[in-house]
Amino acid sequence: MPIITVTPSCSRQLQSVADSVARSKKIIVVTGAGISTNCGIPDFRSTDGLYNLVKAQYPNAVVKGRDLFDAVLWSDPTSTSLFYTFLANLRSEVLKVKETTSVHKFIRTLAETGRLQRCYTQNIDGLEEREGLVMNLSHGKGKRKRPSPITVDDNRTDQEKGCQVVQLHGNLKSLRCTNCQMLTTYTPSAVRTLLSGVAPLCEACQIASECRQAAGKRGIKVGHLRPNVVLYGEEHPDAEMVGILAEADIKAAPDLMIILGTSLKVHGLKVVVKEFSKAVHAKGGKVLFVNNTPPTDSVWSDVIDYFVEMDCDVWVADVKARRAAIWERQTKLPVQKLTKAGAVAEKKAPLRDKENAGAKKRKILEPKTPGGRSRKALGMNSTLQQTPPSSRKRDSKKHNILCIPPTDSEPDAHRTPTKRRKITKKFIIESPPISPPSTPTVKGGRALRIEVIVSGPEKQLRNEIQIYEDNDGSNVTAWSGNAGYRKSEPNPKPGKSQEAITRRKSLRNLKSDMVTAA
């Protein structure tokens, strides 16, 4: 797939690149000397780079600029002396830098927002450490988690962050002994010795040799302190840890890789970038290359997706203008934690909001009995404070009140434990014997006895309704023992086919009226 070239005039493609950065969650960043040029630190291969600077400072030297950073310089004392002097001057230039570039701040922003998987740099200036990024390889991979949204600052420890920036070519922060590989810091005397073109001796090796000689043993070799940088052709002193981090990042499935300010000429870096690009493409991500010089299309056509032909700092400013949300942190207001006593008090407090208040007033449906009748229809209230039934006439089709209340033997699996506890007691009081009325003739007549449960505020009384029918069927008389209700109406004599139906209707109307009066 050919590389898509993006120029400053391609607004739509620049927006697409900015959107890719904003959507990504695991970003691999590879940087070179081009990101530090705006700080006053020269790069390597440009017209004002370090290679041409070496030739200007040492015109009579036969060594080439590239050979000054190759492992072959150790074979020539002149090139070795030039190497010490040049790196001592370069370190003094780095110390004069007052502020880092926009790219360094962009990398820090990616780390603070949880988007940075890891940064691999060829630079030895260590400017990323000024932005608070961890560059110590001993911290390893770290714990992959996003910063807390409670505070704006990243409150993770260095062990939790891990090594955020891997320096592939070493650093100018320390000196390394050529014999015992011990790291020491720069001292004023060591700096003066390096500026003169001579490497200082290792104090640890000197002390060990003197102790052996004092004990009557043979002295050991004393090493020299050289800048802790990795030259071309040398193996990284922490190559094992670098390999562990690179393998872990490949397994983490990054979704974007940004290459900034490097020409991709070093063989070791080529291998690392190609392996990372395979993982990014497998995830469906993109590979961005931001530099002033284009990459070789024959080598990087299957690796790089977008070539942004812009200065690194200018591109970062363009991304910030298009997607400013990348630089924003999602925070939340601090919430006061409730104690156990406060939680209990809040739970007992009355509901204040309208929604909960409405839910509190919402009518709760009553459970139904196995026969399909509710407790209210049966004349039983869920609470002990029972109210008398309404005086309005009820429809006998919907509410069958002429029924016997449930007994103890009736299954009550449908009742809830609370309501079952409240209705277990019976408030039925046996009424005194009821004498039949004197109006109808009982002799030869037919009597019907019906029990009606009438709810009262504190007790339930059982009313007996006796209906008497004369032998000739002319009168039907009903009498209520409790309310003293009496009604008599003539009973027509229809045909034999309609006699039973008419009698049932008359009885049902009488029962309804008697219950209303009671």
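Quick note: structure is the one above.
Residues numbered from 1 in each chain as written. Predicted model: local features only at pLDDT ≥ 70, side-chain atom pairs only at ≥ 80, totals over all residues. Heavy atoms only, no water.

**As for the sheet that holds strand β7 (residues 225-229)**
1) Next: Taken in spatial order, the three strands of this open sheet run β6-β5-β7, and their pairing is antiparallel. The open sheet terminates on both sides in strands that have one partner only, identified here as β6 (183-185) and β7. In this sheet, adjacent strand axes meet at a mean angle of 50° when their direction is disregarded.
2) Next: Sheet analysis places strand β5 (residues 170-177) next to β7, joined by four bridges and oriented antiparallel. Each residue of the ladder has a partner; that of Cys177, found in β7, is Leu225.
3) Next: Contacts from helix α3 (residues 77-95) reach β5 and β7, with the element oriented near 55° to β7. (Pairing = 2+ DSSP bridges. Helix = DSSP H or I, 4+ residues; strand = E, 2+ residues; numbered from the N terminus. Axes fitted to C-alpha atoms, helices over the stretch in contact; angles between N-to-C directions. Contact = heavy atoms within 4.5 Å.)

**Points about the packing of aromatic side chains**
1) Next: Applying the stated rule across the entire model yields eight aromatic pairs.
2) Next: Each residue in the set Trp74, Phe83 and Tyr84 is aromatic and connected to the rest through ring pairs, giving one cluster.
3) Next: Here the guanidinium or amino end of Arg91 rests over the ring plane of Tyr186, the centre of that ring lying 4.0 Å away.
4) Next: When the ring centre of Trp300 is taken as origin, the NZ or CZ atom of Lys274, which lies over that ring, is 5.6 Å away. (Phe/Tyr/Trp six-rings, centres within 6.5 Å; stacked < 30°, edge-to-face > 60°. Lys NZ or Arg CZ within 6 Å of the ring centre and 35° of its normal.)

**Describing the nonpolar core**
Nonpolar side chains tend to gather and get buried jointly when the protein is soluble and globular.
1) Next: In terms of nonpolar packing, the biggest core is built from 54 residues, with Met257 and Val273 touching the most fellow members.
2) Next: It is α3 that provides the largest number of residues to this core, a total of eight residues.
3) Next: Aside from chain neighbours lying at most four places away, what touches Met257 is Ile28, Val30, Val273, Phe276, Ser277, Val280, Lys286, Val287 and Leu288.
4) Next: One finds Cys119, Val290, Val308 and Ile326 within the second-largest nonpolar core, a separate group that totals 32 residues. (Core = buried A, V, L, I, M, F, W, Y, C linked by side-chain atoms within 4.5 Å. Buried < 20%, exposed > 50% of the residue type's maximum accessible area, 1.4 Å probe, protein only.)

**Examining the packing of α3 against helix α6 (residues 188-195)**
1) Next: In contact at an axis separation of 7 Å, α3 and α6 are set at 130° when each is read in the N-to-C sense. Considering their axes alone, α3 and α6 lie oblique with respect to each other. Along its contact with α3, which presents Tyr84, Thr85, Ala88, Asn89 and Arg91, the element α6 presents Val191, Leu194 and Leu195. (Parallel < 35°, antiparallel > 145°, perpendicular 65-115°, else oblique.)

**Quick word on the side chain of Asp249**
1) Next: Position of Asp249 relative to the elements: it lies in helix α8 (residues 239-251).
2) Next: Reaching out from Asp249, the side chain makes a polar contact with the side chain of Tyr120 at a distance of 2.5 Å.
3) Next: Ignoring any residue separated from it by four or fewer positions in sequence, one finds Asp249 in contact with Ile28, Gln117, Arg118, Tyr120, Pro254 and Phe276. (Polar contact = N/O pair within 3.5 Å; in protein donor to acceptor, adjacent residues only side chain to side chain.)

**Thoughts on the sheet that holds strand β2 (residues 27-31)**
1) Next: Strand order in this open sheet of seven strands is β1-β10-β9-β8-β2-β3-β4, and the pairing throughout is parallel. Only two strands of the sheet have a single neighbouring strand rather than two, namely β1 (4-6) and β4 (165-167). Going across the sheet, the axis of each strand differs from the next one's by a mean of 20°, ignoring polarity.

**Re the side chain of Arg176**
1) Next: One can find Arg176 in strand β5.
2) Next: Buried and unpaired, Arg176 has Glu234 as its nearest opposite-charge partner, separated by 4.9 Å.
3) Next: Within the structure, Arg176 has its side chain in polar contact with the side chain of Gln181 (distance 3.0 Å).
4) Next: A polar contact is formed between the side chain of Arg176 and the side chain of Asn228, at a distance of 2.3 Å. (Lys, Arg positive; Asp, Glu negative; His and termini not counted. Salt bridge = Lys/Arg side-chain N within 4 Å of Asp/Glu carboxyl O.)

**Points about the packing of α8 against helix α9 (residues 267-282)**
1) Next: Contact geometry for α8 and α9: axes closest at 9 Å, N-to-C directions at 20°. With respect to α9, the element α8 is oriented roughly parallel. In this structure, α8 uses Ala246, Asp249 and Ile250 to contact α9, whose residues at the interface are Glu275, Phe276 and Ala279.
2) Next: Across the contact of α8 with α9, the residue classes tally to four nonpolar, no polar and two charged. (Nonpolar A, V, L, I, M, F, W, Y, C, P; charged D, E, K, R; others polar.)

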